[in-house]
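Working through the structure, step by step
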Amino acid sequence: MHPICHRNCMETAKYLKQKISESGLISQLNPLSCTVVLERPVDDQLVKRWQLACEEDIAHVVVMPNVTRNKVDLFVKELLECVSTHGRIEPRRHDSPLSKLLMTWEE
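Read on for an overview of the structure.

The rules behind these values
Residues numbered from 1 in each chain as written. Predicted model: local features only at pLDDT ≥ 70, side-chain atom pairs only at ≥ 80, totals over all residues. Heavy atoms only, no water. Pairing = 2+ DSSP bridges. Helix = DSSP H or I, 4+ residues; strand = E, 2+ residues; numbered from the N terminus. Axes fitted to C-alpha atoms, helices over the stretch in contact; angles between N-to-C directions. Buried < 20%, exposed > 50% of the residue type's maximum accessible area, 1.4 Å probe, protein only. Contact = heavy atoms within 4.5 Å. Core = buried A, V, L, I, M, F, W, Y, C linked by side-chain atoms within 4.5 Å. Salt bridge = Lys/Arg side-chain N within 4 Å of Asp/Glu carboxyl O.

Section: the sheet that holds strand β3 (residues 53-55)
- Strand order in the open sheet made by the four strands is β1-β2-β4-β3, with antiparallel pairing throughout. Single-partner strands in this sheet number two, and they are β1 (27-29) and β3. In this sheet, adjacent strand axes meet at a mean angle of 25 degrees when their direction is disregarded.
- Pairing analysis gives three bridges linking β3 to strand β4 (residues 58-62), with the strands arranged antiparallel. Looking across to β4, one finds that A53 is bridged to H60.

Spelled out as structure tokens, the structure:
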């Protein structure tokens, strides 16, 4: 990936993480990555629409060059509507990926 594209992806990933966190949801971004990890949306339609990669009770978004701030804003809006309609997922077990994410998020 071209350095400018990579820098733009990193900035967009930071923006996505910030918007999710400001909304009160759990998210994490590795400082050297364009992948944002978040609590898995309950609605599978949202997961399919946004092509989220899920593992048990977490999902992740890989920010690519075509992901703009406008797309991030739309995704977060739909994510919050999903939470409002369907609620939030609970950790599936004490050592689930979401439980581990919660431990690092609360630190």
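What follows picks up the thread again.
Describing the side chain of S99
- Inspection of the secondary structure puts S99 in helix α4 (residues 97-106).
- With relative accessibility at 10%, the residue S99 sits in the buried group.
- In this structure S99 touches P91, R93 and H94, once residues within four positions along its chain are discounted.

So, the nonpolar core
- Counting residues in each nonpolar core, the largest one holds 23 residues, and the members touching the most others are L16, I20, L38, V61, V63, F75 and L79.
- When residues of this core are traced back to their parent elements, those giving at least two are α1 (3-22), β2 (35-39), α2 (44-49), β4 and α3 (69-86).
- I20 has contacts with L25, I26, S27, V36, L38, F75, V76 and L79, leaving out every residue within four places of it along the chain.

Description of the pattern of salt bridges
- Inspection of the entire model under this criterion finds seven salt bridges.
- With a closest N to O distance of 3.6 Å, K14 and E11 form a salt bridge. Residue K14 and its partner E11 are both found in helix α1; the two are separated by three residues, about one turn of the helix.
- A relative accessible area of 42% places K14 in the partly exposed class.
- We classify E11 as partly exposed; its relative accessible area is 38%.
- Here E39 and R88 are joined by a salt bridge, their closest N and O atoms 2.8 Å apart. You can see E39 sitting in strand β2 and its partner R88 sitting in the loop between α3 and α4, a full 49 residues away along the chain.
- Look at E39 and you get buried, because its relative accessible area is 6%.
- Because the salt bridges share partners, they merge into one network encompassing E56, R93 and D95.

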